[in-house]
Each structure stands twice: as structure tokens, then as C-alpha cells.
Amino acid sequence: MTGHMRTTGLLIAALGLIGVLGFAAPIRAAELNAADTVLTGISTPKAEDIAAKGDPGAELYGTANDVTMADAKKGLTLADLANQAGQNKVAINFVWTLIAGFLVMFMQAGFAIVETGLCRAKNANHTMMMNFMVYGLGLFAYWVCGFAIQMGGSAPIANLGGVYPVNSEYVVNFLGKPWALFGTKGFFLSGATYDVGVMVLFLFQMVFMDTTTTIVTGSCAERWKYSAFAVSTIFLGALIYPLFGNWAWGCGWLSQLGVNFGLGHGYCDFAGSGVVHAVGGLTAMAVAMQLGPRIGKYNRDGSPNAIPGHDLSYVMLGCFILAFGWFGFNPGSTLGASGNGALRIGSIAVNTMLAGCTGSFAALLYMWIRYGKPDASMAGNGLLAGLVAITAPSGFVNTLSAAIIGWVAGILVCLGVEFFDRAAKIDDPVGAMSVHGINGLWGVLSVGLFADGRSNYGGSWNGVSGSVTGLFYGDAGQLVAQLIGIATLVGVIFTMSYLVNWLVDLVVGQRVAAKVELNGLDIPEMGALCYPDFQLKASDYPVAAGGSSVASSAAAYKG
Amino acid sequence: MRLIGVLCVLGGWALAVAGLFITSSTGGRMLIACLGIGVSLYGSLGVLNGYYLERAIWKK
């Protein structure tokens, strides 16, 4: 009975509000003052009833009693209702974004065990500790200046209540066009950026940056000096990642290609195939190239040897953890679940799931047909490749496109591993350059091909009204914007990473000594074995084939 | 050699962006952007990586 009365009362109040706002618009300003319009006739449960009987049916909690009143003596007003509705929207979006951020943070665990599992037992502590410390090093660098550079001029972000304190972008005018280069608010999260909305944005963006830094540790594992890794990670988190993040997500020049040059909706990267994965993959390539291959990876004739990891169960479990975390990565990038088309999170989650599935399936089939066995580690890499590729287009494509994008990614990752292993001869113990680099770029490109023009995030994207639409749905300009993004990634970001790590090599030295590498990095670099009770082989570089040339390589290093 | 590689990689990006000013045709911009990406990839995988491959440890 009480419930019916409450519902009726609220219904009358709502109808009255609609009537006043909708049909009496001309007199609204004159006669309706929301702050003075007190709502009466709302029946609510009494506290003593709840105290006596409890509320097992969840009928008594969540009523007009729970709406915060500005003035309790005056009673519940229309203004109170409107303010509560606004607060609820922002609260829903804060909670959604934070939980999504927590999921992405947990991806660090997935990366840690995937990479450690794909390395040899003698380097397990070193690999695990690189993955562990990217969290601390990256967070510190991002708090000091990375966040400000990336998001310091990104306001307003409506879903998070505006985040108005981050409202300053450094812009230069060149050839008659404005080029927004980096943000200038939010260093140390101090001053006006001590703001609840900014904090939510910081947490979410920080865990994305951390994902980028952890990609590099995989490609450079088993021979990277820990001190060099630490310095390199700080540069990546403080400068390189934030710059591209600003250009794509912080109202920077790439995102404004639509406004300034009429190229679709400017560079579009929904959750970071380019910003996160391609930046990580290309940086990994720049460092791995300078480090050189592990001793024993190549024979004297240049033919490669496989160096198997020590724990396949780690690898597969890590892939599952990463796939789970990706549900924070992509759907969380709406930065909310309420308002501005954020209800599309359901579609984004399904796209994410589908692309991972088809990527894994395609990679498994490729390996089975080509090599006669369904390779487990490549099936895992196929899953990750599909997830990486769908990250940029997840918010703009339908499920069929998502499945195709994932399928192509699964093939690409296999071809990529073969290319880097045999043609480019850049040693990548975990396949990160193929998973994140190649498929990050493929994800960026696929937005320009498959975006179906059906998404609607508040009526516009990157300042251009309408929906993001790719070549196959009629907008070739969007594809050009994506190509400019890819050119920037392979041209500018790779160069920055290369130069920074060249400098690190000159000052710190990137690679460990040959003796350290042969005996394993755990004791010399970290001071402790990961598996002290296990019998480890001191120089377990692989296979009989080419053994002599491997020994020659080792001897050359020792010399 | 490494400096030439770096300049080549950067030059590819500059070419892609210059395409935005060289022509207003979408097809033309697309073509120039692809050309720029190709130049950058040649610079990184061809020139720069070639430098390291010449000095590869397995050749010593």
C-alpha cells in the first residue's frame, strides 16, 4: 500500500513538472522557480516502520526520503530533485569509470605472468620485477607531469561533471592552422586540479599509461639492464606516451583534424589501439632494436632458434586475466554509463569479447594449418591481438565488423611474429611488437574502414557533429585522419622513443653483460632467484641445431 | 647511418602532414599519407634496423 502511494505521489509530481515545463513554457520563467516549488503529497515510509519491520523486499529504501534537501524546513523542492538527478548521473559515471580503471590496473598482473611465463626460469624474477615496477615508476612520472601534458587541456568532459580545472592547452599557429601540442594544467595534481572529477580522470588515464609501459618490458626481456629499464620507463610515462595521448585524447592536433582540415571526425581512437598499444609496441621495437637479440637466438647464418618460455600455464592464465581486464579498458572508455550515449557500453563489451574470440581462433587455425599443431602461446597472442585491434574501433563498429577486425588481427599477429623473427631479426621474446605494435596500427586503421556511423556520443565527436563513419560506410576523410595518426605513430613516436633510449644507452647502458645473460639475470640484477629450490641450467640457450654458432655468439659477447 | 635513419623516419611523417596542405583532395591526401608511412617504415625497419643487423652478434 505504501509503495503504491509513493509511486502515485511521484507520478503526480513528475506529470506536474512535465506539464509546467512542456506546455506552459512561455510562463515558465515568470511563474516557476524550482527552488521555491515545494513538492507535496509524496508519501514516504516512516523510519520507525523500517526500524520495526526491516525491509526484506527492498520496497522502503530509495524514496523521496533519500533526496538531499537544501533546506529541510522548506521541504523537498524541484531544485532538490534536479540536483539529485545530476549528482546521481555523475556518481554513476564516477563509479563506472573507477571500477573500469581498477579492472585495467589488474591487467598488470596478466602482463606480468604472460611475460614471465614466456621467459626462461633463470630470468623470472627480473621479468616479474620489471612488470611490478612499471606501476610505481609510471605512476610517479605520470603524476609529476605526464597527466598534465596529456589531459591538462581536455575540459570539458561532460560525463565526469566537466572536470573544468584541466582547461589549458598550449597551441601554436602554423600555416594558418592551430596546432594544439600539450596540456598545461595538472602538474602534481595541485592547485585547482585538486578536484574530484580530475582525480577520477587521472586514475583512469594513469592505468592506461601503465599498460603502455609494460608492453616494452616483454620485448626487451632477458637482456635489459634494470637501471636502464627504470629510466626508460620514466621517460615513456612522463613524456612520450602523454604527448601522443594529448594529440589523440586531450584535444590535441590529431583530434582536431576534422575541425581544421575537414577529415571526418579527426583522429579517432576510442580506447587506445594507437594511444596505448601502438605507442607501447613501437617503443618496444625501438628499444629491442638497440638491445639486439638474446644470445643464442640466431645462428651464424642468421637463422632463428626458438627459445621456449618456462611456464605455459602462466601464459594462458595471464591471457585470461588480460581479456577480463579489457572489459574495463574498452567499455570504461565511455567515461560513464549514464548520458551522452554511454549506454553503448553493452555493444562495446560484446565487440571486445567477439574480437578477442575471433583473433584467438584465427591464430590457432593459422598455426595448426601452417605448422601442424594448435600452438598454445600463439592462440593466446591471437586473443590479445584481437583485443588490441578492437580497442580503437570498439565504440564505433557493429558486431560483424568487430569479428572481422579480430580475425584479421589473429592472422596479422602470426605473420608479424614470423616477420620480426625471420626477416627483421628483432628479437621479441613475447611477441609484443606484433601483438601491440602491428595490431595497434591495424586497430587505428580499422576505425577509418569499419565505423558504421551509428554511434552517438552526445551528438558529436572531437568537435564535429554526427557519428564517426568509415570508408565502407561513406566517409573516406575519416580514413585519411586515421592514416595521419598512423604516420605520427611510426614517424614521431618511434623517433622519440628511439632517441630517448639511445640517450639512455649512452648514459646508463641498455644491455647486461654476456656473462650475466648466460647465467640468468635474477641473481646479478635482482639479487634473488625466482625459484631458489629449482635446479636451473646456467646457459640453457636452445637446441642442438646451430649449437656451435650459438657458442660463437656467446664467446663474442664474453670477449 | 643512424642519423639518416632517424631523419628518414621523421621525414615520412612530415610528408604525410604536408599532404594536408599540398592538396585538398581526399584521394590525394590518402595517397601522400600512405607514402609517408612507407618512408617512415623504410627508415625504421630498413635503415635503422639495417645498421644494427650489420653489427649483429651472431655475425661476430
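Residues numbered from 1 in each chain as written. Chains lettered and ligands numbered in written order. Predicted model: local features only at pLDDT ≥ 70, side-chain atom pairs only at ≥ 80, totals over all residues.

Peer 1: Explain the overall build of chain A residue by residue, including any values.
Peer 2: Helix and strand content of chain A: 18 helices and four strands. Counting only C-alpha atoms and orienting by the principal axes, one finds that chain A spans roughly 90 × 65 × 50 Å. The buried share among the 559 residues of chain A stands at 55%. Expressed as a percentage of contacts within chain A between residues at least 6 apart in sequence, the contacts between residues at least 24 apart total 76%. (Helix = DSSP H or I, 4+ residues; strand = E, 2+ residues; numbered from the N terminus. Buried ≥ 20, exposed ≤ 12 C-beta atoms within 10 Å, placed from the backbone. Contact = placed C-beta atoms within 7 Å.)

Peer 1: Got a sec to walk through the domain arrangement of chain A? Specific residues and values, please.
Peer 2: As a measure of interface size, the accessible area lost when the parts come together is often cited. Each domain of chain A was delimited in the assignment, giving domain 1 (2-76) and domain 2 (86-189 + 200-507). Placing the centre of domain 1 of chain A and that of domain 2 of chain A at their C-alpha centroids yields a distance of 47 Å. (Domains from an automatic or database assignment.)

Peer 1: Kindly report on the nonpolar core, identifying the contributing residues and their values.
Peer 2: Residues and elements named next belong to chain A. Counting residues in hydrophobic clusters, the biggest one holds 170 residues, and the most contacted among them are V279, A363, A409 and I484. Sorting elements by how many residues they give to this core places helix α15 (residues 476-507) first, with 16 residues. With near-sequence residues (within four places) excluded, V279 lies in contact with T212, I240, Y241, F244, L489 and I493. (Core = buried A, V, L, I, M, F, W, Y, C linked by C-beta atoms within 7 Å.)

Peer 1: I'd love a proper account of the packing of helix α11 (residues 345-371) of chain A against helix α12 (residues 376-391) of chain A, names of residues and values included.
Peer 2: When two helices pack together, their arrangement is given by the angle between the helix axes and by the axis-to-axis distance. All names here are of chain A. Where α11 contacts α12, the axes come no closer than 7 Å and their chain directions differ by 140 degrees. Regarding the angle of α11 to α12, the classification is oblique. Classified by chirality, the crossing of α12 by α11 is right-handed. Contacts between α11 and α12 involve N351, T352, A355, G356, T358, G359, S360, A362, A363, L364 and M367 on the former and, on the latter, M378, A379, N381, G382, L383, A385, G386, L387, A389 and I390. For the contact of α11 with α12, the class distribution of residues is 12 nonpolar, nine polar and no charged. (Axes fitted to C-alpha atoms, helices over the stretch in contact; angles between N-to-C directions. Parallel < 35°, antiparallel > 145°, perpendicular 65-115°, else oblique. Left-handed = near helix turned anticlockwise from the far one by under 90°. Nonpolar A, V, L, I, M, F, W, Y, C, P; charged D, E, K, R; others polar.)

Peer 1: Provide a residue-level description of the interface of chain A and chain B, including the pertinent values.
Peer 2: On the side of chain B, 28 residues touch chain A, which itself brings 33 residues to the contact. Elements with a minimum of two residues in the side of chain A that touches chain B: α15 and α18 (547-558) of chain A. Considering each element in turn, the side of chain A that touches chain B owes the most residues, 16 residues, to α15(A). Across the side of chain A that touches chain B, the residue classes break down as 22 nonpolar, nine polar and two charged.

Peer 1: I'd like a description of α12(A), backed by residues and values.
Peer 2: Along an α-helix, a turn takes 3.6 residues, which lines up residues three or four apart on a common side. Taking 1.5 Å of rise per residue, 16 residues should cover 22 Å, and α12(A) covers 23 Å from first to last C-alpha, within 8% of that figure. Among the 16 residues of α12(A), 15 are classified as buried, and the element is accordingly described as predominantly covered. (Expected span 1.5 Å × (residues − 1).)

Peer 1: I'd like to hear about the environment of A85(A), residue by residue, with values.
Peer 2: Residues and elements named next belong to chain A. Within the element layout of this structure, A85 appears in helix α4 (residues 78-118). A residue is classified by how many C-beta atoms lie within 10 Å of it, and A85, with 10 of them, is exposed. Expressed as a C-alpha distance, the spacing of A85 and V67, which sit 18 residues apart in the sequence, is 9.3 Å.

Peer 1: Kindly report on the pairing of strand β2 (residues 177-183) of chain A, identifying the contributing residues and their values.
Peer 2: All names here are of chain A. Pairing of strand β1 (residues 169-174) with β2, which is carried by six bridges, proceeds in the antiparallel orientation. Counted as the bridge partner of Y170 is F182 from β2. As consecutive antiparallel partners, β1 and β2 are separated by two residues, and within that stretch L175 has a phi angle of approximately 50 degrees, a positive value. (Pairing = 2+ DSSP bridges.)

Peer 1: Hey, could you go over helix α7 (residues 226-249) of chain A for me, with residue numbers and the actual values?
Peer 2: All names here are of chain A. L236 marks the point of greatest bend in α7, at about 45 degrees. The element α7 is extensively covered by neighbouring structure, given that 18 of its 24 residues are classed as buried. Just beyond α7, the residue with positive phi is C251, at close to 70 degrees. (Bend = angle between axes of the 7 residues up to and from the residue.)

Peer 1: Tell me what's going on with unusual backbone geometry, and back it up with residues and numbers.
Peer 2: Residues and elements named next belong to chain A. Residues A155 and P156 are joined by a peptide bond in cis, for which omega reads 0 degrees. Phi at L189 is positive, roughly 50 degrees, even though this residue is not glycine. With respect to the secondary-structure elements, L189 resides in the loop between β2 and α6 (196-219). Of note in this structure, N340 is not a glycine but carries a positive phi near 55 degrees.

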